[in-house]
Structures are given as C-alpha cells and as structure tokens.
Amino acid sequence: MARQRRHQDHFGRRAKREGKAARSVFKLEEIDERWQILSAGDTVLDLGCAPGSWLQYAGTKVGLSGHVVGYDLKPLDVSFPAHVEVRQGDAFEITTDALPARLDVLLSDMAPSTMGDHTTDALRSAALVERALALAEKLLKPGGHTVLKVLEGGEVPGIIKAMRSGYTKVELLRPDATRKHSTEMFLIGLGKKA
Ligand SMILES: C[S@@+](CC[C@H](N)C(=O)[O-])C[C@H]1O[C@@H](n2cnc3c(N)ncnc32)[C@H](O)[C@@H]1O
C-alpha cells in the first residue's frame, strides 16, 4: 500500500517538476510510446482536455505543422502555442462542422463526475466513450487512431466489439500511472478502417 502510494506520488512529483498540467500525461505518453499514436503534422481532437496535460503532450508531438483542438466543460488555466486551440463545451453538443474535418487522432480522457455508485459511473463513462466513437466515425481519417478512457463495466465488451469492426486493431491498457483503486482503462483503436 505504502509502496503503491510512493509509486503514484512519483508521477505527481514528476509532472510538477516537468511543468505538466497533470500526471495524466504519463498515461498518454505510455500509450504513445507503445503504439506510436501521434506524429508530426497530425490533426488531433482531445475531448475532456482540462487541465491540459494531454494537450501539452500532443502539441509537442505534432509540432507547429500540426493542429490540436481540445474541448472541455471547464476552462483551462494553461496557455498553449498557436497550433493548440482550446474550446469550452460539452462533447455531446459539439457539431461536427465546428471541428477539423479529417482527424489523424481522436483522444478522449473524458471522465464523468463520479457519483460513488460504480454501475452508474461506468454507464456514464461508457456514454462518453460512445460519443467519442461517434465523432471518430465521422471525423477520423481512414488509418487514424483513437485513444479512449473508460471505466470498467458491463458496457465495455460491447464497445470493444464495435471498435473491432471499425479498426484494424484494438488494444487495451491500464497504464502504470493509473491509480491503484481506479477502474479506468484505455481502449486504443489503431488504423480506422475505410
Ligand atoms: C481526467 S480529466 C482529463 C485530463 C486531461 N486529459 C489532462 O491530461 O489534463 C477529465 C475531463 O473530462 C471532462 N469532461 C467530462 N465530461 C465531458 C463532456 N461531456 N464534454 C467535455 N468534457 C467533459 C471533465 O470536465 C474533465 O476535465
């Protein structure tokens, strides 16, 4: 327990030392290092982007020739270079014509405000993932990738099944930086089918 806490604190301390907006950055970093999700020049949509660590990471990876758009219900305090655009809004209300039409990557670290009831939290998380997948269906280029956070629950097998028909490969990961008691995991859709 104490060892686990030290391990988790390590990510928090490292995020602070390196000027990252949140420790969540190490989850995306681990996923990207394993599956090479982000490349220079990519157009990326980051849903649930506050406080901004995934935007910082994606902005650096895509570079000035790329474009990253982040959406969150909450405003962000961090400032970003011009190729990283932050918008405030609800993912369920975004209209696709307000978004870049041909995405290389869609990220979603969206999390519902938890109620403490695991079944309800998992259902709300699954609804966020389904929304992200619906946006990916419309906006992601063939060959594009998606990274989606979900809380474990009864809807997850059906989501994975649906992803398997839309992507060349679907991977699951519980990153090292995920807290011990969290039920989160990440679904990674590689190579969207045409
Ligand atoms: C775990 S945080 C994301 C952390 C972020 N990836 C980072 O690295 O800084 C989850 C975010 O999802 C956002 N969120 C939840 N529901 C949303 C929705 N319907 N539309 C947009 N954002 C949402 C929350 O406001 C919260 O800021």
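Now for a quick tour of the structure. (Residues numbered from 1 in each chain as written. Predicted model: local features only at pLDDT ≥ 70, side-chain atom pairs only at ≥ 80, totals over all residues. Heavy atoms only, no water.)

## Considering the site of the ligand
Okay, so step 1: In the neighbourhood of the ligand, 20 residues make up the surrounding shell, with G52, S53, D72, A91 and D109 lying closest.
Okay, so step 2: Between the ligand and D72 there is a distance of 2.6 Å, counted from an oxygen atom to a side-chain nitrogen or oxygen.
Okay, so step 3: At a separation of 2.8 Å, a nitrogen atom of the ligand approaches a polar side-chain atom of D109.
Okay, so step 4: Comparing atom positions with the cavity grids shows the ligand to sit within the largest pocket.
Okay, so step 5: Here the shell around the ligand is built from residues that sort into 10 nonpolar, five polar and five charged. (Near = heavy atom within 4 Å. Polar contact = N/O pair within 3.5 Å; in protein donor to acceptor, adjacent residues only side chain to side chain. 1 Å grid on protein atoms, 1.4 Å probe; cavity = no way out; pocket = protein on both sides within 12 Å on 5 of 7 lines; lining within 4 Å. Sits in = over half its atoms within 2 Å of the grid points. Nonpolar A, V, L, I, M, F, W, Y, C, P; charged D, E, K, R; others polar.)

## A closer look at the packing of aromatic side chains
Okay, so step 1: Counting across every chain of the model gives two aromatic pairs.
Okay, so step 2: Arranged with centres 5.7 Å apart and planes meeting at 40°, the rings of F11 and F26 form a pair that is tilted. On the criterion of sequence distance, the pair formed by F11 in helix α1 (residues 2-17) and F26 in helix α2 (residues 25-35) is long-range, its members being 15 residues apart. The pair F11 / F26 is uniform in exposure class, with both members buried.
Okay, so step 3: Measuring from centroid to centroid gives 5.9 Å for W54 and F186, while their planes differ by 40°, and the two rings are tilted. With a gap of 132 residues between them, W54 in helix α3 (residues 53-62) and F186 in strand β7 (residues 184-192) connect regions that are remote in the sequence. (Phe/Tyr/Trp six-rings, centres within 6.5 Å; stacked < 30°, edge-to-face > 60°. Helix = DSSP H or I, 4+ residues; strand = E, 2+ residues; numbered from the N terminus. Buried < 20%, exposed > 50% of the residue type's maximum accessible area, 1.4 Å probe, protein only.)

## Details of the sheet that holds strand β6 (residues 167-173)
Okay, so step 1: Strand order in the open sheet formed by seven strands is β3-β2-β1-β4-β5-β7-β6, with mixed pairing between adjacent strands. On the outer flanks of this sheet lie β3 (84-88) and β6, each paired with one strand and no other. Averaged over all adjacent pairs, the angle separating strand axes in this sheet is 15°, with direction ignored.
Okay, so step 2: Note that strand β5 (residues 140-151) and β7 share six bridges and pair antiparallel. By the bridge assignment, T146 is partnered in β7 with G189.
Okay, so step 3: Contacting β4 (103-108), β5, β6 and β7, α2 crosses the sheet at an angle of about 35° to β7.
Okay, so step 4: Lying over the sheet, helix α4 (residues 118-139) contacts β1 (43-47), β4, β5, β6 and β7, oriented at roughly 175° with respect to β5. (Pairing = 2+ DSSP bridges. Axes fitted to C-alpha atoms, helices over the stretch in contact; angles between N-to-C directions. Contact = heavy atoms within 4.5 Å.)

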